[in-house]
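# Chain and residue survey
So the chains spell out like this:
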Amino acid sequence: MATIVFTITGTNSDGTPTMTLNNQSSNGDVTCNVGDTIQWNIAPNSGVTGLCIQKTGGTDVFDGGLGTRGNSNNWSGEIANGTGGDDEEYSIAASACADENKVWHDPRITVNQ
């Protein structure tokens, strides 16, 4: 089972979050396997102080849903059994200390069969 780590590196001029996956720029779409864990971590010095992540369509692919990890603003969730071949649309918003307004971005999680 793999751990897929998105790093939130800041925000675009329109307020949507900028992120990397494996140190490469990413729009947030990901294909994964049952049992994988997906994490969204806020990079130090990114100017981002919080994340909001919510399901907006498709199947809920997370076992027990998504949540923050420990006492942090980072999020994670494990892909549930029985979700192979399913898609989940989700929205992610990053907020910065100076601007608590959220602008939503809508990537997709696809689970391999």
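Only a predicted model underlies this, so the values are computations on that prediction, with no experimental measurement involved. Going along each chain's sequence as written, the residues are numbered from 1 onward. This being a predicted model, a pLDDT of at least 70 is required before a residue's local features are given, and a value of 80 or more before pairs of side-chain atoms are given or counted; all residues contribute to the totals for chains, interfaces and linings. Working from all heavy atoms in the structure, the side-chain values ignore hydrogens and water.

In this section: the side chain of Asp 36. Comment: elements are numbered from the N terminus, with helices defined as DSSP H or I runs of at least four residues and strands as E runs of at least two. As for its position among the elements, Asp 36 is in the loop between strand E4 (30-32) and strand E5 (37-42). N or O atoms within 3.5 Å of each other form a polar contact, as long as, within protein, one can give a hydrogen and the other can take it, and as long as residues adjacent in sequence are counted only when both atoms are side-chain atoms. A polar contact of 2.9 Å, which involves the side chain of Asp 36, links it to the backbone nitrogen of Asn 33.

This part takes up the packing of aromatic side chains. Any two rings among Phe, Tyr and Trp, with Trp reduced to its six-membered ring, count as a pair given centres within 6.5 Å; such a pair is stacked if its planes are under 30 degrees apart, edge-to-face if over 60, and tilted if neither. The final tally for this structure, using the stated rule, is three aromatic pairs. Centroid distance Trp 40 to Tyr 90: 5.6 Å. Interplanar angle 65 degrees. Geometry classified as edge-to-face. Residue Trp 40 is found in strand E5, and its partner Tyr 90 is found in strand E9 (residues 87-96); the two are separated by 50 residues along the sequence. The buried category is assigned to Tyr 90, whose relative accessible area is 1%. Among the aromatic residues, those joined into a cluster by ring pairs are Phe 6, Trp 40, Phe 62 and Tyr 90. Only protein chains enter the calculation, and the probe is 1.4 Å; a residue is then buried if its accessible area is under 20% of its type maximum, exposed if over 50%, and partly exposed in between.

Another aspect to go through is the nonpolar core. Among the nonpolar cores identified, the biggest contains 22 residues, and Phe 6, Ile 8, Ile 38, Trp 40, Leu 51, Ile 79 and Ile 109 are the most heavily contacted of them. The contact criterion used throughout is that any non-hydrogen atoms of two residues lie within 4.5 Å. Leave out the neighbours within four places in its chain, and Ile 79 touches Cys 32, Asn 33, Val 34, Gly 35, Asp 36, Ile 38, Val 61, Phe 62, Asp 63, Ile 109 and Val 111. Residues belong to one nonpolar core when they are buried, are Ala, Val, Leu, Ile, Met, Phe, Trp, Tyr or Cys, and are joined through side-chain atoms within 4.5 Å.

Let us look at the environment of Gly 82. By secondary structure assignment, the location of Gly 82 is in the loop between strand E8 (75-78) and E9. On the basis of relative accessibility, which here comes to 73%, the residue Gly 82 falls in the exposed class. Gly 82 sits 19 residues away from Asp 63 along the chain, and the two C-alpha atoms are 9.9 Å apart.

So, about unusual backbone geometry. Glycine aside, a negative phi is what most residues show, and trans is what most peptide bonds show. The phi dihedral of Asn 23 is positive, around 65 degrees, even though this residue is not glycine. Structurally, the position occupied by Asn 23 is in the loop between strand E2 (17-21) and strand E3 (24-26).

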